[in-house]
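Descriptive structure summary
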Amino acid sequence: MPALLWLLFGKNSRGYGVCLLLGALAGLLLTAHTRQKLDRVHTAYADREVTLTAEVEEVSASYYPGVVHAVLRVEPTGGEKTVFRVECVCMPKCTAGERVQARFALEVPARTQQLSSYADGIALSGGISLRNEAPGPSESFRAKTARLQRRLSAALRKGMAQGPAGVLAAMVLGDRTHLSKDLRSAYRAAGLSHVLVVSGMHVSILCGSVFAKYLPEKKKRERGYASRRRQALFSAAMALLLAGVTGLTPSVLRAATAVWVSALGVWVYGPPDALTSLGVAGVWMTLGNSYAVCDIGFELSFAAVLGTLAGAELARKSRRFPLLRNSVWETLCVSACASAATFPVLVLRGLSASLYALVSSVAVLWLVEPILQLGLVTALFGCWPALAPLHRVCSLCAATLAGCLNRWALWVSGWPGAQIYFDTACAALICLLLLGLGWLAYHWRVRPRVALPCLVLTAALAIGLGNVLNREIVRVELAGSRNAPAVVITRGESAVVLFRGGSSTQQAVETLLTRRGAREVEMLVDLRMNPRTPCTLEARERMAADEMPRYTTRRAHSSPAELEVLRVQNGCIVRITAAGRQFAALSGSVPLAKPVRVDWLLASPARPDAVQYTDCLTLSSAYRWMEENAETETASCLALRPGGGERLS
């Protein structure tokens, strides 16, 4: 409140205060408008089966063969004018840009996933109960650009090895379907994951700002204002095309909006202003959906741009070290400020940060520009058979540079502590502490050679103390899809995994184990009755429920928990004892003569008729067996202290 009063009535800050109040008022109005649209869609379509025609916008791999995970845009029917998006976890195989007509069973997204779904513009989730004959391909702008993306991606990857081809398709065209899991993890650990996301750098290259530097100086001087206007129109059109081809992601939308604002500035004789363009992009992207600000891509993109602008200003005003070139010093400043700006977002979202982001930025970011240029030319040449010789030359050069980038990422990802996860509450306190100490150092004019070592030492002590305090905590968590969640129990560096699901669930389990610092899985229990894909998690001991004789029991002991697995005719039940509490997890159908009494149920779609429980850990509040208790609170993680005490999250 004092800060707000100062902004409103301060001598030189009244304008800022008025802008903040107007912005807050506009945000409230937009939120109410978005909430009203969602309520209207939920009233008309939720909890019922309806026949709809929709356009497939996004497709990704699902857990089972022959089906995909898709996001569809429903077309207006009858007198209904509202257009909304639907998420289908299991849908018959289809491609982006295709139109489908089917009978959908729709429901409101689970409470734990509502915020992320609404941020992506997804109003409902559900499945297909009956699919009719396809009404033909869609002719919308998004469908046409999706087909163009597939054609260019195939032309780009023609004749290349899988590793460089997947990286080039992701960098140049935003097609991440051919990127392997190992390369994704390696780039993330090396601090280069932003390279694989189409952003402002890619927009600049396609819109000509990078290629313009190859013009002769005389041509640059002779360019009149009319030619600048034509260039502005061309840049705006190319930015629109790139936004469509890459799927209208938040990062490319922000960059494209900045290009459009700059193009408008050329036509109205306005000077370029990065902050104005950024603000206009934020307002425009939230006009139709106020929940867009909760999208992690939106947050990371805007934070990175603010950090980049701050780093460029710091490099311009500060005095560089004598042994560093201007370009190296600017890269260091920009990378450091961008990493600092995105770090709070990573912490609050439970993602990882790389210790070697600065090293990677200085070492290999200069490769990104020629890789993008060669990849774009290769994709264009690959569309015409007559240009096959030129395509092979460009493809070889692009694959060579992308291979160098891959080798660097894989090498750095093997360095100690490359990928670090932080507990959200502890990391938030550490961030506040470091920010306070940094402000005090600036206010008291402490020299950098004294302040920087003190900040590093404080951070190391705080992180070490947090790790010591959390060492003996037992965490019971659900990971993966709500349709087949896995159970992960960790204590220190040891873990127990009860596995359900497919490759996506395994990836979620591996990420969670890395985040919790678990180096060894002492026991892996595969609860699936009919596993279609093997679980390749490394474990000291393994147990498969489908291989157990029916109506038998097996027990296992480990440092995080004790397990008792009972196999019945068409399913199994696991009773877990950890930190003095008892849990139960089910798979399939488990009829018992007498229910098992436990403290916590680890929920799944399987009906828990055989379990009598007090509380519930779940990823969804919409399982069919929950119909009688629609107000079930959702929590997916339980932290237990050996001496007593627990915390839900």
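See the structure printed just above.
Let me sum up the structure you'll find in this document. In this text, all values refer to a predicted model and were calculated from it rather than measured experimentally.

1. Overview of the overall build of the protein chain
Scanning the protein chain for helices and strands turns up 19 helices and 22 strands. Residues classed as buried in the protein chain amount to 43% of the 649 residues present. Counting contacts in the protein chain only where the partners sit at least 6 residues apart, residues at least 24 apart contribute 58% of the total. With an accessible surface of roughly 34,100 Å², the protein chain has 61% of that area assigned to carbon and sulfur atoms.

2. Details of the packing of helix α10 (residues 250-267) against helix α12 (residues 296-317)
Running from N to C, α10 and α12 point in directions that differ by 45 degrees, and their axes come no closer than 8 Å. Regarding the angle of α10 to α12, the classification is oblique. Of α12, the residues touching α10 (which contributes P250, S251 and R254) are G297, F298, S301, F302 and V305.

3. Focus on the packing of helix α4 (residues 141-157) against helix α5 (residues 162-173)
α5 packs onto α4 with a crossing angle of 140 degrees between their chain directions and a minimal axis gap of 9 Å. By the angle between their directions, the pair α4 and α5 is classed as oblique. Crossing handedness for the pair α4 and α5: right-handed. Note on element contacts: α5 touches α4 through A165, L168, A169, V172 and L173, opposite Q149, L152, S153, L156 and R157. Across the contact of α4 with α5, the residue classes break down as seven nonpolar, two polar and one charged.

4. Considerations on the pairing of strand β13 (residues 552-557)
Here is the key point about a regular strand: its side chains alternate between the two faces of the sheet. One ladder, built from six bridges, connects β13 with strand β14 (residues 562-567); its direction is antiparallel. When the bridges of β14 are listed, R555 appears paired with E564. Joining the antiparallel neighbours β13 and β14 is a turn of four residues.

5. Structural notes on the side chain of R142
As for its placement among the helices and strands, R142 is situated in helix α4. Here R142 sits buried without a salt bridge, and the closest side chain of opposite charge, E57, lies 5.7 Å off (N-O distance). One polar contact links the side chain of R142 to the main-chain carbonyl oxygen of E57, over a distance of 3.5 Å.

6. Notes on the nonpolar core
Ranked by internal contacts, the top residues of the largest apolar core, which has 37 residues, are M171, Y187, L192 and L405. Mapped by element, the contributors of at least two residues to this core are α4, α5, α6 (181-189), α15 (368-381) and α16 (388-413). In terms of nonpolar packing, the next biggest core, distinct from the first, is built from 31 residues, V525, A545, A556 and A585 among them.

7. Quick notes on the sheet that holds β14
Taken in spatial order, the six strands of this open sheet run β13-β14-β15-β16-β18-β20, and their pairing is mixed. Each edge of the open sheet is held by one strand with a lone partner, namely β13 and β20 (615-617). Taking each pair of neighbouring strands and ignoring which way they run, the sheet shows an average axis angle of 20 degrees. Where strand β15 (residues 570-578) meets strand β16 (residues 581-589), nine bridges bridge the pair, whose relative direction is antiparallel. Bridge pairing in β16 links V574 to A585.

8. Points about a nonpolar patch on the surface
A contiguous nonpolar surface patch, about 410 Å² in accessible area, is contributed by L233, L264, W267 and V268. Positionally, L264 belongs in helix α10. L264 gets classed as exposed once you look at its relative accessible area, which sits at 54%.

9. Considering the pattern of salt bridges
Using the criterion set out here, one finds 12 salt bridges in the structure. Between D39 and R35 there is a salt bridge whose closest N-O contact spans 3.1 Å. Here the residue D39 and the residue R35 both occupy positions in helix α2 (residues 14-45), the gap between them amounting to four residues, near one helical turn. Here the salt bridges do not stand alone but share partners, grouping E57, E58, R73 and R85 into one network.

10. Topic: the packing of aromatic side chains
Inspection of the entire model under this criterion finds nine aromatic pairs. Between the aromatic rings of W408 and W415, the centroid separation amounts to 6.2 Å while the plane-to-plane angle is 70 degrees, which identifies the pairing as edge-to-face. The exposure class assigned to W408 is buried, which follows from its relative accessible area of 16%. The class of W415 is partly exposed, set by a relative accessible area of 23%. Through a chain of ring-to-ring contacts, three or more aromatic side chains come together here, namely Y356, W408, W411 and W415.

Procedures and definitions
- Residues numbered from 1 in each chain as written.
- Predicted model: local features only at pLDDT ≥ 70, side-chain atom pairs only at ≥ 80, totals over all residues.
- Heavy atoms only, no water.
- Helix = DSSP H or I, 4+ residues; strand = E, 2+ residues; numbered from the N terminus.
- Buried < 20%, exposed > 50% of the residue type's maximum accessible area, 1.4 Å probe, protein only.
- Contact = heavy atoms within 4.5 Å.
- Areas by Shrake-Rupley, 256 points an atom, 1.4 Å probe, with all protein chains shown as cover.
- Axes fitted to C-alpha atoms, helices over the stretch in contact; angles between N-to-C directions.
- Parallel < 35°, antiparallel > 145°, perpendicular 65-115°, else oblique.
- Left-handed = near helix turned anticlockwise from the far one by under 90°.
- Nonpolar A, V, L, I, M, F, W, Y, C, P; charged D, E, K, R; others polar.
- Pairing = 2+ DSSP bridges.
- Lys, Arg positive; Asp, Glu negative; His and termini not counted.
- Salt bridge = Lys/Arg side-chain N within 4 Å of Asp/Glu carboxyl O.
- Polar contact = N/O pair within 3.5 Å; in protein donor to acceptor, adjacent residues only side chain to side chain.
- Core = buried A, V, L, I, M, F, W, Y, C linked by side-chain atoms within 4.5 Å.
- Patch = residues over 30% accessible without salt bridge, like charges linked within 9 Å, V, L, I, M, F, W, Y side chains within 5 Å.
- Phe/Tyr/Trp six-rings, centres within 6.5 Å; stacked < 30°, edge-to-face > 60°.

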